[in-house]
Structure formats: structure tokens, C-alpha cells
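Spelled out, the chains give:
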Amino acid sequence: MDHGMTGAGGATAEFILSLNAGSSSLKFSLYEAGDEPREIAVGQVESLGPNARFKARIGLEQVEDDLGSANHHVALRAILEKCETVLQGRPPACIGHRIAHGGVDYEAPQLLTPEVMEKLALLEPLAPLHQPHNLAAVRASIEAFPDALQIGCFDTAFHRNHPWVNDTFGLPLKYYDRGVRRYGFHGLSYDYITGTLARIDPELASGRVVIAHLGNGASMCGVLNGRSIASTMGFSALDGLPMGTRCGQLDPGVVLYLMDQEGLSASELTKLLYNESGLKGLSGATNDMRALEASQQLEAEMAIEYYTFRARRELGALAASLHGIDGVVFCGGIGENSAAIRARICNGMDWMGITLDARANTDNEMSIGIGRTKVLVIPTDEERIIARAASRALNERAMAKD
Ligand code: ADP
């Protein structure tokens, strides 16, 4: 089948695979390299373990399959086999990996050399639920594609130039020096949104903007002239907004109490704070916002009330960090799709210039504000940020060869 995959001047384009590995899934997107990479396939292997399942759109086709038992290696092999209809014997020239933590060193994508991999492995204790899986996928990918470029794109990188005061905790300074800092996450999403904003509204992009990434994980970022000033997420991906199953901001005294008085162990606390809290914990039912919005249960309404109240508080706090606000951008599964949640977050924020146009909001239009502060909805695309970085890496390699 001819998919017409030829680059400018008729040269055969190289392929880029972007991978986002979690504990239970391996998400992927396949692109044709270029200044603006062209997406060819997108999907995931979900439920890694004994009953893994493959689901993707490859070219124009929807493909689904039971894989049986699969780890990252098997999942990657399945992705390649299924994408062979478009790859046609030409393996990806660059694999771009989403990596949760780049520590204090990495503020840009990195070639994943053995030295860099060693440094990233040292960061595993800082992101124990994400980093080990991210790096497992890198190792599987190096084994599968020994000749390809492997690059890492970090969720912390976008936040690396925060003013010191936004990165520290009120602990003895030696802990800051040992890496106990507010790193911030969701950086690939914020990078995409600020880039898109620069294109569609350059004036706003050069101002003070709060971006609300509201998905299963959720955070907000204060951006000044395209650069992150402050994030609601801190040392771990637990802080800030309540999320699908994560608690969000929590008095550390609560953790001490649960350890000392209720006898919870570190692993029980980890499970509680990461997997059993947030919308799921408060509602006692689910982390799925759609289901909560449809529910008649009082607890579902209470979970939404807490979620939107905390989002409003953080919006105000970030506006203070930015010395004012010119715009708010909503993205992520909830931010992009739920008019009701956007309305509840913005409710009562007219004093900050945030007033929604109810019709534009309900119709999911891009521009939904009528106050002096602009309010936008922009679908995010973290994979595209990885693909762009991979395209640049391929260009640099080609130029080095010339
Ligand atoms: P992840 O962080 O896993 O990438 P997403 O960005 O896909 O998650 O967001 C998932 C969340 O978005 C879920 O809570 C889901 O219920 C919510 N969501 C998706 N579509 C809608 C919708 N139309 N209305 C309300 N919530 C929605």
C-alpha cells in the first residue's frame, strides 16, 4: 500500500516513534519526520501484564488485538509489527521518550547515552511511579533499535528556570541542595500550549498566562512571556490540584498523623495518596469526571465542588506569582471537554477579569472569555513536542554527517 510518505524533494522521509510508558500502558505515536512532523499512527498497549490489549489507529485503519502476556519489550514488538503496514521495512530513525524526571540538570531534550541513562536512573527515587517505567521502555527500545537515535524529553524541563523562591520548600537549605525542590511536571503539555499560543495570539503569549492542564493528572502553571514561573506540582506529582486518584495539596502533618496514629506504612501511604485519593477518594466511586458529572450521588457533587474550589484557589495564587493575569488556558481531558467544570472554576472570578461567554463555553469554542482576562481552550499534544524534538535531533545528525 502506498501511503505517500515522501519528504520534501521526493526523498523518503524518516520515521519517528514517540513513546510514553507508564506502569500499565505503553502509549505511542508514529510520525513522519519534518519541521512539523506528520502523525501516521497513534495508539497504545494497555493493561500490560497477563492480559494486554493493543488499540490504535494506523493510517486510516482502527486496529485492536489481544496480546496475551506483555511487558514493555513485548508491547514494543507488537507496536512495530502492527505498524509494519506503514513502516514497510523501514524502522523508526529516532525514538523519542517521555521521561518524568530530568532532575536539576536537564532543561532540554537529551540524547539518551549510557551516561545520561545512568543519571536518569539515579532520579528513580524522585519519581518512583513513573521513572522506572520510562527507563524500562528506553532500554527495550535501545535493544529493539540499536541504530536509532534515542532521545529523552522531560516533564520537568519546562520548569527548570523558576525563580528560586518558587522552587524551594521551607526546609533547611541543605535539603534543597540535595534535590528536595519543587520540580513541576506536565512540562511537555505546557511547552505545546505556549508554542501554540505564540502562533495564535502572540500578544497574550508575551503576557501573564495561567495554563490549567486538567486530565487524570492535573496541574496549573504560571507562564510569563512563554516561560514557566511557578507550578502547582512540586517535588512529586502529588502536590497542587486534586486529581483523578491523587490527593493534591496536603498538610504534611496529615502524613505524620497517618503514620504515627493509624500505623500506615510508606507503601500503604503511597497507595493511598497516589491511587485512592482525589476525585476517586472523595466520591468513593470513580476518578472519571464524566461519570461524576452524570452521577446523582451527593459524594460525586462534593468531589467536583472540592476539585473546582481548589482549582480556583490555585488560579488566584498563580496570578499573584505572575503579578497579575492576562489569560487562562484550559487543556487536558477535563479542561478540553467539560464546559461545566470550566464554568465552575471560573465562577466568581470576575474580580480577576475572568468572565465566561456561556454559549462559547458550552460549544467548546477556542475563545470562551468576555472579560479583560482572555480564557482559551487549546487541545494539548505532548507527543507532538516529543516528535518535534526528535525531528530536530535527526536534522542535527544529518548536518553533522554533511
Ligand atoms: P490522562 O492524564 O490520563 O492523559 P486525560 O487528559 O485523557 O487523562 O483526561 C482524562 C479525564 O478527562 C477523565 O477524568 C475523563 O472523565 C475526563 N473527560 C474526558 N472527556 C470528558 C468530557 N466530555 N466531560 C467531562 N470529562 C471528560
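Residues numbered from 1 in each chain as written. Predicted model: local features only at pLDDT ≥ 70, side-chain atom pairs only at ≥ 80, totals over all residues. Heavy atoms only, no water.

S.K.: Can you help me understand the UniProt feature "binding site: substrate" (unreviewed entry) in the protein in this one?
M.R.: The sites that carry the UniProt feature "binding site: substrate" (unreviewed entry) are, in the present numbering, Arg 98. As for its placement among the helices and strands, Arg 98 is situated in strand β6 (residues 94–99). In this view, Arg 98 contacts Leu 19, Asn 20, Asn 134, Cys 153, Asp 155, His 186, Leu 188, Glu 382 and Ile 386; residues no more than four positions away in its chain are not counted. (UniProt positions renumbered as here; feature names shortened; annotations may be inferred. Helix = DSSP H or I, 4+ residues; strand = E, 2+ residues; numbered from the N terminus. Contact = heavy atoms within 4.5 Å.)

S.K.: How should I be thinking about the pairing of strand β9 (residues 208–214) in this particular structure?
M.R.: Remember that side chains alternate between the two faces of the sheet whenever the strand is regular. Of all 7 residues making up β9, 6 are buried, and the element is well covered by its neighbours. A loop of 3 residues connects β9 with strand β10 (residues 218–224), the two strands running antiparallel in sequence. Sheet analysis places β9 next to strand β12 (residues 327–331), joined by 5 bridges and oriented parallel. Paired with Val 209 across the two strands is Gly 327, which belongs to β12. (Buried < 20%, exposed > 50% of the residue type's maximum accessible area, 1.4 Å probe, protein only. Pairing = 2+ DSSP bridges.)

S.K.: Would you explain the domain arrangement of the protein in this entry?
M.R.: One frequent convention defines the size of an interface as the accessible area lost when the parts assemble. According to the domain assignment, the protein contains domain 1 (8–154) and domain 2 (201–381). Once you take the C-alpha centre of each, domain 1 and domain 2 turn out to be 28 Å apart. Residue-level contacts link 4 residues of domain 1 with 4 residues of domain 2. Summed over both sides, the interface of domain 1 with domain 2 buries roughly 410 Å², with 64% coming from carbon and sulfur. Summed over the three residues of domain 1 that lose the most area to domain 2, namely Leu 126, Leu 129 and His 130, the buried surface amounts to 75% of that side. Along the contact surface separating domain 1 from domain 2 lie 0 salt bridges. (Domains from an automatic or database assignment. Buried area = accessible area lost by both parts, 1.4 Å probe. Salt bridge = Lys/Arg side-chain N within 4 Å of Asp/Glu carboxyl O.)

S.K.: Can you help me understand the pattern of salt bridges in this one?
M.R.: In total, this model carries 22 salt bridges according to the counting rule given. A salt bridge links Arg 388 to Glu 36; the shortest N-O distance between them is 3.0 Å. Note that Arg 388 is positioned in helix α16 (residues 382–401) and Glu 36 in the loop between β2 (26–32) and β3 (38–46), a separation of 352 residues in sequence. Overall, the relative accessible area of 22% leaves Arg 388 in the partly exposed class. Classification of Glu 36 as partly exposed rests on a relative accessible area of 45%. Its salt-bridge partner being Glu 276, residue Lys 271 comes within 3.4 Å of it at the nearest N-O pair. When salt bridges that share partners are traced, they join Glu 36, Asp 381, Arg 384 and Arg 388 into one network.

S.K.: Mind showing me how you'd approach unusual backbone geometry here?
M.R.: Of all residues except glycine, most have a negative phi; of all peptide bonds, most are trans. Even without glycine at this site, Asn 225 takes up a positive phi of about 50 degrees. Phi is positive for Asn 364, which is not a glycine, with a value near 55 degrees. Residue placement: Asn 364 occurs in the loop between α15 (358–362) and β13 (374–377). Relative accessible area serves as the criterion here: at 36%, Asn 364 is assigned to the partly exposed category.

S.K.: I'm lost on the pairing of β12 in this one. Help?
M.R.: The buried fraction of β12 amounts to 5 of the 5 residues, a majority that puts the element mostly inside the structure. Of the two faces of β12, the one carrying Gly 327, Val 329 and Cys 331 and the one carrying Val 328 and Phe 330 are both buried. Pairing analysis gives 4 bridges linking β12 to β13, with the strands arranged parallel. Following the sheet pairing, Val 328 is matched in β13 by Val 375.

S.K.: Help me understand helix α9 (residues 266–275) in this model?
M.R.: The α-helix advances 3.6 residues per turn, and as a result positions three or four apart in sequence lie on the same side. Every buried residue belonging to α9 is among Leu 269, Leu 273 and Tyr 274, and all of these are buried. Each buried residue of α9 lies within a common arc of 110 degrees when the element is viewed along its axis, so the set occupies one face. Where the residues of α9 are buried, they touch α8 (252–260). (Arc of directions from axis to C-beta.)

S.K.: When you look at the packing of helix α3 (residues 114–122) against helix α4 (residues 131–144) in this model, what are you seeing that I'm missing?
M.R.: Axis angle and axis distance: for two packed helices, these are the angle between their axes and the distance between the axes, and together they describe the pair. Where α3 contacts α4, the two axes come as close as 10 Å, and the packing angle between them is 160 degrees. What the angle tells us is that α3 and α4 run roughly antiparallel. In terms of crossing hand, the pair formed by α3 and α4 is left-handed. Judged by residue contacts, Met 117, Leu 120 and Ala 121 of α3 engage Gln 131, Leu 135, Val 138 and Arg 139 from α4. Considered class by class, the residues forming the contact of α3 with α4 number 5 nonpolar, 1 polar and 1 charged. (Axes fitted to C-alpha atoms, helices over the stretch in contact; angles between N-to-C directions. Parallel < 35°, antiparallel > 145°, perpendicular 65-115°, else oblique. Left-handed = near helix turned anticlockwise from the far one by under 90°. Nonpolar A, V, L, I, M, F, W, Y, C, P; charged D, E, K, R; others polar.)

S.K.: What's the story with the site of the ligand in this structure? I'm lost.
M.R.: In the region of the ligand, 13 residues are neighbours, and Asn 216, Asp 288, Met 289, Glu 293 and Gly 333 sit closest. Contact between the ligand and Ile 334: an oxygen atom at 3.4 Å from a main-chain N or O atom of the residue. For the shell around the ligand, the elements supplying multiple residues, two or more each, are α11 (289–294) and α13 (332–337). Tallied by class, residues from the shell around the ligand come to 2 nonpolar, 8 polar and 3 charged. (Near = heavy atom within 4 Å. Polar contact = N/O pair within 3.5 Å; in protein donor to acceptor, adjacent residues only side chain to side chain.)

S.K.: Explain the sheet that holds β2 here, please?
M.R.: Two strands in a sheet stick together by hydrogen bonds in their backbones, pointing the same way (parallel) or opposite ways (antiparallel). Ordered by their spatial adjacency, 8 strands build an open sheet running β5-β4-β3-β2-β1-β6-β8-β7, and the pairing between neighbours is mixed. The outermost strands of the open sheet, each flanked by one partner alone, are β5 (61–70) and β7 (110–111). Of the pairings in the sheet, the one linking strand β1 (residues 15–21) to β6 comprises 4 bridges and is parallel in character. Directly across from Leu 19, in β6, lies its bridge partner His 97.

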